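Chain and residue survey
Residues per chain, in single letters:
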Amino acid sequence: MTDSNDPLAHCRGRFFLPEGVIYLDGNSLGPMAKNVPGVMKTAIEDEWATGLITSWNKADWWGLPLRLGDRIARLIGGDEGTCVVTDTTSINIFKALNLACNLRPDRNIVIAEQDSFPTDLYIAQGLADINRHIELRLIGVGGATLDDLLDDKVAAVLLSHVDYRTGALLDMAGLTQKIHQAGAVAIWDLCHTAGVFPVDLQGANVDLAVGCTYKYLNGGPGAPAFIYANKRHHQNLVQPLTGWWGHAEPFAFKPDFAAAPGIRALLCGTQPILSMRALEAALDVFDDVDMRAVREQSKALTTLFADLVMASCADYGVKLLSPQNAAARGSQIALAHENGFQIMQALIARGVIGDFRQPNIMRFGFSPLYLQPEDVRIAAKILTDILATREWEQEIYSQRNAVT
Ligand SMILES: *Cc1c(COP(=O)(O)O)cnc(C)c1O
């Protein structure tokens with residue numbers, strides 16, 4: 001693979017990337033697209049400062065959640081009108097779990113993954129705390145598998161498509177089918193999927209899905225999340241956060257809640273419009289991008305990095321934690337090393353930005369929109385150098401910040 005036959009090479013110029021930085025942390029916070037500042041200037045000066053309240057209509061701020069939802073739906077294989085951008089992933093997981101339990105009123109078990117991103121688990125615990133009849137079963141506790149836990153009491157199963165630590169990828173279509181055979185509702189967390197992997201929610205017959213927009217979709221810090229609901233559930237989109245944005249007639253100001261038809265029912269209250277405008281600009285980058293090409297290039301980049309690192313760093317105690325086979329992982333490589341924290345700090349000091357996850361994991365995310373094979377080669381070389389010279393042993397690399 002050479003850089004010249006990278007079908008996505010033209011996308012790189014669409015992002016701000018500081019000189020000397022190789023950014024392998026787009027799985028945590030995507031970089032800023034170059035058209036964002038211009039759109040933000042318009043949003044602030046023309047729409048907010050000048051248009052004031054008229055911008056809800058004139059700039060169609062009101063329509064942003066559905067408009068952005070449709071653009072994301074295209075990237076994750078959803079139909080028009082099946083996805084909205086709103087709230088946070090954590091809040092949307094709460095809505096999705098509650099909705100799933102409502103779809104299966106005669107069942108009371110929710111299955112989640114012990115090793116999932118903690119917020120997924122915390123939210124499931126919170127739901128069980130306020131709905132005393134709901135019980136949690138966790139994949140991974142005592143070695144339990146999904147097969148062990150699925151039975152006719154299970155209402156909902158919440159799974160992460162790509163594991164946030166190891167990058168391991170689950171078989172969405174196959175597992176959704178299995179969950180349906182057991183009569184349960186399948187909810188997929190796409191935080192490490194959207195923007196870098198061409199999932200087909202409709203084709204896989206997924207019931208509900210949620211995900212972030214500030215990771216591989218590059219929406220910016222704190223950009224609102226998305227929630228997807230398959231059309232076949234649109235008659236029953238009951239959610240607990242029945243705010244006025246989800247009302248059938250929000251400006252009738254009626255005393256009783258009546259859900260809006262369709263996906264709008266999953267909205268709650270006033271949305272962060274400025275963040276949504278930034279996300280809207282960031283999504284422009286994807287307009288002419290073929291997600292299958294993104295996936296092919298993503299596999300090539302992670303394979304190149306894993307191969308180079310394992311060839312030159314295994315002797316220094318680095319272990320590959322991600323699946324060996326590119327088809328079995330998302331767009332990240334996780335490496336284990338007992339001094340992973342210090343090594344990552346030394347890497348960041350040298351301009352190779354990844355992140356660290358407890359207990360000993362160095363995470364590297366690869367977005368083919370702005371990364372090319374040459375970046376991967378340089379990053380692997382710097383990592384090798386840091387290990388060979390034991391540069392990471394310097395005192396400053398042991399200091400911990402609030403955010404890792
Ligand atoms: C990043 C991430 C989240 C983040 O949730 P927020 O509510 O946006 O803070 C949730 N779940 C997974 C799997 C993630 O990777």
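Residues numbered from 1 in each chain as written. Predicted model: local features only at pLDDT ≥ 70, side-chain atom pairs only at ≥ 80, totals over all residues. Heavy atoms only, no water.

1. Concerning the sheet that holds strand S10 (residues 332-336)
The strand order S9-S10-S13-S12 describes an open sheet built from four strands, whose pairing is antiparallel. Unpaired on one side and paired on the other, strand S9 (319-320) and strand S12 (355-357) mark the two borders of the sheet. The pairing of S10 with strand S13 (residues 361-365) spans five bridges and is classified as antiparallel. Across the sheet, residue Leu335 finds its bridge partner in S13, namely Met362. Sheet strands touched by helix H9 (residues 291-313): S9, S10 and S13. Its angle to S10, the strand with the most contacts, is close to 20 degrees. Packing of helix H10 (residues 340-349) onto the sheet brings it into contact with S12 and S13, and relative to S13 it is tilted by some 40 degrees. (Pairing = 2+ DSSP bridges. Helix = DSSP H or I, 4+ residues; strand = E, 2+ residues; numbered from the N terminus. Contact = heavy atoms within 4.5 Å. Axes fitted to C-alpha atoms, helices over the stretch in contact; angles between N-to-C directions.)

2. Remarks on helix H11 (residues 373-389)
When the terminal C-alpha atoms of H11 are compared, their 24 Å separation across 17 residues agrees well with the 24 Å that a helix rising 1.5 Å per residue should span. Buried positions along H11 lie against strand S1 (22-23), H9, S10, H10 and strand S11 (352-353). (Expected span 1.5 Å × (residues − 1).)

3. Thoughts on the packing of aromatic side chains
What the rule picks out here adds up to 14 aromatic pairs. Ring centres 6.5 Å apart and planes at 85 degrees place the aromatic pair Trp244 and Trp245 in the edge-to-face group. For Trp244, a relative accessible area of 36% corresponds to the partly exposed category. Its relative accessible area of 1% is what places Trp245 among the buried residues. An aromatic cluster is present here, built from Trp56, Trp61, Trp62, Trp244, Trp245, Phe251 and Phe253 joined pairwise through their rings. A cation over a ring is seen here: Lys215 above Phe117, with NZ or CZ 5.3 Å from the ring centre. Note that Arg400 overlies the ring of Phe341, its terminal NZ or CZ placed 3.8 Å from the centroid. (Phe/Tyr/Trp six-rings, centres within 6.5 Å; stacked < 30°, edge-to-face > 60°. Buried < 20%, exposed > 50% of the residue type's maximum accessible area, 1.4 Å probe, protein only. Lys NZ or Arg CZ within 6 Å of the ring centre and 35° of its normal.)

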